[in-house]
Amino acid sequence: MTFQPEENESSDSLKYRPDDDYQATTVAQQLAKQVRVLVWVMTSPKNLANKALAIKQTWGKRCNIILYISSVSDPEFPTISLNVPEGREHLTGKTMAAFRYIHEHYLDEADWFMKADDDTYLIVENLRYFLSNKRTDDPIYFGHLFKLNVRQGYYSGGGGYVISKEALRRFGTKAVNSTLCREDGGDEDVEFGLCMQRLGVATSRSLDDMGRTVFHPHTPSMHFLGTYPEWHHKYTAGKAQKGYGVSKYAVSFHYVPPDEMRVLDFYLYHMRPYGHNSVISNCNKTS
């Protein structure tokens, strides 16, 4: 890899350029072919030019397929309109309509199907790595597990949840014109959790091999420092991790503003300490 000086960087240097990404390893490149991920982003017309655009400029281009679901179709961005009104009270309706649309049009185009908000930051390579030893023909899904309201638990909507092909197949064939899944209203992540439970789709261990958290419903700094709101401890299944209890192969974070999303992307994919491939050694070691 040749060092290229950046003396003549222009005012649009914040724009994404492929050359800015560190060279993808053969493993990451291979996983992109073997673990095909479709992500759909829940957005709205008012968030398109800021939040959704930040995703499009950063992690969105690393997905195999990414869809932006809104209430208004915009062929230039592009967004897909599913004829569901905007508003928090209609998030369930938008979620059910989105997965129904994806089942109809994309079932065979990907192996895993993830829902994210327009303030979710996703590390796509880590998502593929996490899923690489999972079976997409099993009725399973993954995310940050909340323990209330649903017997088997349910996953945080903001931290994102990813469902298998079999889970999507069951949803698309059994949850149409039935009482299994609520069409709209209620809390989106709770209602989708109830839907999955009734379809026989199981919540599954969503930690890394060392038991560290992978999907996160808050910002990176909150998870690192452990400064959680009280409701986090009330809802989260298991012990709330912080610091190095967060996986080094973390998949998602929530409540990330557009500019912080760009900064985080810069740190992850551009900045590196010179001479180190991974873990920095202890320079103060004397023996």
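Only a predicted model underlies this, so the values are computations on that prediction, with no experimental measurement involved. (Residues numbered from 1 in each chain as written. Predicted model: local features only at pLDDT ≥ 70, side-chain atom pairs only at ≥ 80, totals over all residues. Heavy atoms only, no water.)

Q: Explanation requested: the overall build of the protein chain in the structure shown.
A: A count of helices and strands for the protein chain gives nine helices and 11 strands. Within the protein chain, the fraction of its 287 residues that count as buried is 48%. Within the structure as shown, the protein chain displays about 15500 Å² of accessible surface, and the carbon and sulfur contribution to it stands at 51%. (Helix = DSSP H or I, 4+ residues; strand = E, 2+ residues; numbered from the N terminus. Buried < 20%, exposed > 50% of the residue type's maximum accessible area, 1.4 Å probe, protein only. Areas by Shrake-Rupley, 256 points an atom, 1.4 Å probe, with all protein chains shown as cover.)

Q: Would you explain the confidence of the model for the protein chain in this entry?
A: In low-pLDDT regions, the fine details of the predicted coordinates are not to be read closely. Chain-level pLDDT for the protein chain is 87 on average; 87% of the residues reach the 70-or-more range. Every residue in residues 1-23 is under pLDDT 50, and counting partners more than four places away or in other chains gives 15 contacts. Of the regions scoring below 50 in pLDDT, residues 279-287 engages in two contacts with residues more than four places distant in sequence or in other chains. (pLDDT = per-residue confidence, 0-100. Contact = heavy atoms within 4.5 Å.)

Q: Which parts of the structure should I look at to understand helix 6 (residues 188-198)?
A: One turn of the α-helix equals 3.6 residues, which is why residues spaced by three or four share an orientation. With respect to burial, helix 6 is a largely interior element, 10 of its 11 residues being buried. Listing the buried residues of helix 6 in full gives E188, D189, V190, E191, F192, G193, L194, C195, M196 and Q197. Looking at the buried residues of helix 6, the elements they touch are helix 3 (91-106), strand 4 (112-117), strand 6 (140-142), strand 8 (154-155), strand 9 (161-164) and helix 5 (165-174). G200 sits one or two positions beyond helix 6 and adopts a positive phi of about 75°.

Q: Would you take a moment to explain the sheet that holds strand 3 (residues 80-81) for this structure?
A: Where strands meet in a sheet, backbone hydrogen bonds hold them as pairs that are either parallel or antiparallel. Strand order across the open sheet formed by seven strands is 3-2-1-4-9-6-10, with mixed pairing between neighbours. This sheet does not close on itself; its edge strands, each paired only once, are strand 3 and strand 10 (202-203). Summarising the sheet, strand 1 (residues 37-42) and strand 4 pair through six bridges and their orientation is parallel. Across the sheet, V37 pairs through a bridge with W112, a residue of strand 4. (Pairing = 2+ DSSP bridges.)

Q: What is the right way to read the pairing of strand 9 from this model?
A: A regular strand carries its side chains on alternate faces of the sheet. Because side chains alternate across strand 9, one face comprises the buried residues Y161 and I163, and the other comprises V162 and S164, equally buried. As paired elements, strand 4 and strand 9 share four bridges and run antiparallel to each other. Bridge pairing links F113 to I163 in strand 9. Relative to strand 9, strand 6 runs antiparallel, the two sharing two bridges. Looking at the pairing, Y141 lines up with I163 of strand 9.

Q: What's the story with the packing of aromatic side chains in this structure? I'm lost.
A: Two aromatic rings are characterised by how far apart their centres lie and by the angle between their planes. A full pass over the atoms with the stated rule returns 20 aromatic pairs. Between W40 and F99 the ring centres are 5.7 Å apart and the planes differ by 90°, which places this aromatic pair in the edge-to-face class. Of the two residues, W40 sits in strand 1 while F99 sits in helix 3, which places them 59 residues apart along the sequence. Accessibility assignment for this pair places W40 and F99 in one class, buried. Here Y68 and F77 contribute two aromatic rings whose centre-to-centre distance is 5.0 Å and whose plane-to-plane angle is 90°, an arrangement assigned as edge-to-face. Pair check on accessibility: Y68 and F77 agree, each one buried. Among the aromatic residues, those joined into a cluster by ring pairs are W40, F99, Y141, Y155, Y161, F171 and F192. (Phe/Tyr/Trp six-rings, centres within 6.5 Å; stacked < 30°, edge-to-face > 60°.)

Q: I keep staring at the side chain of T219 and nothing clicks. Help me out?
A: Mapped onto the elements, T219 comes out in the loop between strand 10 and helix 7 (220-225). Apart from the residues within four sequence positions on either side, T219 is in contact with F253, H254 and Y255.

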